[in-house]
Amino acid sequence: MSLSGLIGSPSRCCLHFHPKGLGPLHNRTSSPASFGKSRELLRLERRNDWAGSTQRCNIQRIPMIKCAMDASFGDASNGSAAIFPRINIRDPYKRLGISPEASEDEIQAARNFLVKQYAGHKPSIDAIESAHDKIVMKKFYERKNPKINIKKKVREVTQSRYVQAVTSRFRTPSTKFIIKTLVVFVVLGALTVLFPTEEGPTLQVAISLIATMYFIHDRLKNKLRAFLYGAGAFAVSWLVGTFLMVSVMPPIIRGLRSLEVTTSLITYILLWVSSTYLI
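In this text the structure is predicted, and so the values were computed from the model without any measurement.

### Points about the packing of helix α10 (residues 202-220) against helix α12 (residues 258-277)
α12 packs onto α10 with a crossing angle of 10° between their chain directions and a minimal axis gap of 8 Å. On the basis of the axis angle, α10 is roughly parallel to α12. For the pair α10 and α12, the contacting residues are Gln-204, Val-205, Ser-208, Thr-212, Phe-215, Ile-216 and Arg-219 in the first and Ser-264, Tyr-268, Leu-271, Ser-274, Ser-275, Thr-276 and Tyr-277 in the second. Here the contact of α10 with α12 is composed, by residue class, of six nonpolar, seven polar and one charged.

Here it is as structure tokens:
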């Protein structure tokens, strides 16, 4: 038996020991310790060779498997584009996700964003472009044929700084207080209509002024503010009532002193609002 070369058949690799490291022939064959070390080295070499063979095989298989998967599923990954979720919504504003009051810049920005996001799906792009074209044509038609948007105008007026300053001076009191002031001014209006005099409703107007000051003082607990608010509200109410009766409204009530009576009724309404809600 020659020990110059030991053959490991499972891995088809030969393990050669250098002659210088093994010593003379009779030492190699006669020493049990040397023979045992040689077997141990052979076992380690076989294990390393098997591990290297397995690793090389795996390294070769991975690119092959990857190439096969790319060849089978590459087209599907490139063709699966995102679909626009609002593609079937008929309202063009809802389809683009904007409000009807949106500006031209907002409309264009929404269109560009959606086109970029769903660029790979042609039906989605067609739906987005169609909604954009409808909105643009509608805006163009509205510019050529302008119409008054009542809701928008009312919102602009109510949100203006001057209207906000005026409305901030009014506050809703309790229901009991509202009913109390309403009863007083309704009674004054009924007396003015039912019992007209040659001098006009002078007494009823004076009572309405005193009632206004009293109710304002009852809410604010301030005599000076009650006097100033009451006198100012009375003057403004009488001027507004006179202007409406002379320039805008025809006389509502026929008969004796109809102008003064109607003006007094308008004044009572404005004084009731001032005495009830003004702060």
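### Concerning the pattern of salt bridges
In total, this model carries five salt bridges according to the counting rule given. The closest approach of N and O atoms between Asp-126 and Lys-122, which form a salt bridge, is 3.1 Å. Of this pair, Asp-126 and Lys-122 both sit in helix α6 (residues 122-144), separated by four residues, roughly a single helical turn. Linking Lys-221 and Asp-218 is a salt bridge whose minimum nitrogen-to-oxygen distance equals 3.4 Å. Its relative accessible area of 61% is what places Lys-221 among the exposed residues. Given the relative accessible area of 24%, Asp-218 is considered partly exposed.

### Focus: the packing of aromatic side chains
Per the counting criterion, the structure on display carries five aromatic pairs. One aromatic cluster is present, built from ring pairs that chain together Phe-177, Tyr-214 and Phe-215. Taking the ring centre of Tyr-162 as reference, the NZ or CZ of Arg-161 above it sits at 5.3 Å.

### Details of the nonpolar core
Membership of the largest hydrophobic core comes to 14 residues, with the highest contact counts inside it found for Leu-96, Ile-98, Leu-114, Ile-128 and Ile-135. Looking at this core, the elements with two or more residues in it are α4 (92-96), α5 (104-117) and α6. Not counting the four nearest positions on each side in its chain, Leu-96 is found in contact with Arg-86, Ala-110, Leu-114, Ile-128, Ala-131, His-132 and Ile-135.

### A look at the environment of Ile-210
Along the chain, Ile-210 turns up in helix α10. For the pair Ile-210 and Phe-234, spaced 24 residues apart in the sequence, the C-alpha separation amounts to 9.9 Å.

### Some details on the confidence of the model for the protein chain
Residues of the protein chain with pLDDT of at least 70 account for 68%, and the chain-wide mean is 74. Contacts of residues 1-35 to residues separated by more than four positions or lying in other chains number 28 contacts, the stretch itself having pLDDT below 50. Across residues 53-78, where pLDDT falls below 50, the model places one contact with residues more than four positions away in sequence or in other chains.

### A short note on the packing of α5 against α6
When two helices pack together, you describe them by how their axes are tilted relative to each other and by the distance separating the axes. Their axes nearest at 10 Å, the elements α5 and α6 cross at an angle of 170°. As judged from the angle between their axes, α5 and α6 are roughly antiparallel. On α6, the residues that touch Glu-104, Ile-107, Gln-108, Arg-111, Leu-114 and Val-115 of α5 are Ile-125, Ile-128, Glu-129, His-132, Ile-135, Lys-139 and Arg-143.

### A few points about α6
The terminal C-alpha atoms of α6, which comprises 23 residues, lie 33 Å apart, in line with the 33 Å expected from a rise of 1.5 Å per residue. For α6, the full list of buried residues reads Ser-124, Ile-125, Ala-127, Ile-128, Ala-131, His-132, Ile-135 and Lys-139. At its buried positions, α6 is contacted by α4 and α5.

### Structural notes on unusual backbone geometry
The phi dihedral of Lys-221 falls on the positive side, at around 60°, and the residue is not glycine. By secondary structure assignment, the location of Lys-221 is in the loop between α10 and α11 (223-248).

What counts, and where the lines are drawn
Residues numbered from 1 in each chain as written. Predicted model: local features only at pLDDT ≥ 70, side-chain atom pairs only at ≥ 80, totals over all residues. Heavy atoms only, no water. Axes fitted to C-alpha atoms, helices over the stretch in contact; angles between N-to-C directions. Helix = DSSP H or I, 4+ residues; strand = E, 2+ residues; numbered from the N terminus. Parallel < 35°, antiparallel > 145°, perpendicular 65-115°, else oblique. Contact = heavy atoms within 4.5 Å. Nonpolar A, V, L, I, M, F, W, Y, C, P; charged D, E, K, R; others polar. Salt bridge = Lys/Arg side-chain N within 4 Å of Asp/Glu carboxyl O. Buried < 20%, exposed > 50% of the residue type's maximum accessible area, 1.4 Å probe, protein only. Phe/Tyr/Trp six-rings, centres within 6.5 Å; stacked < 30°, edge-to-face > 60°. Lys NZ or Arg CZ within 6 Å of the ring centre and 35° of its normal. Core = buried A, V, L, I, M, F, W, Y, C linked by side-chain atoms within 4.5 Å. pLDDT = per-residue confidence, 0-100. Expected span 1.5 Å × (residues − 1).

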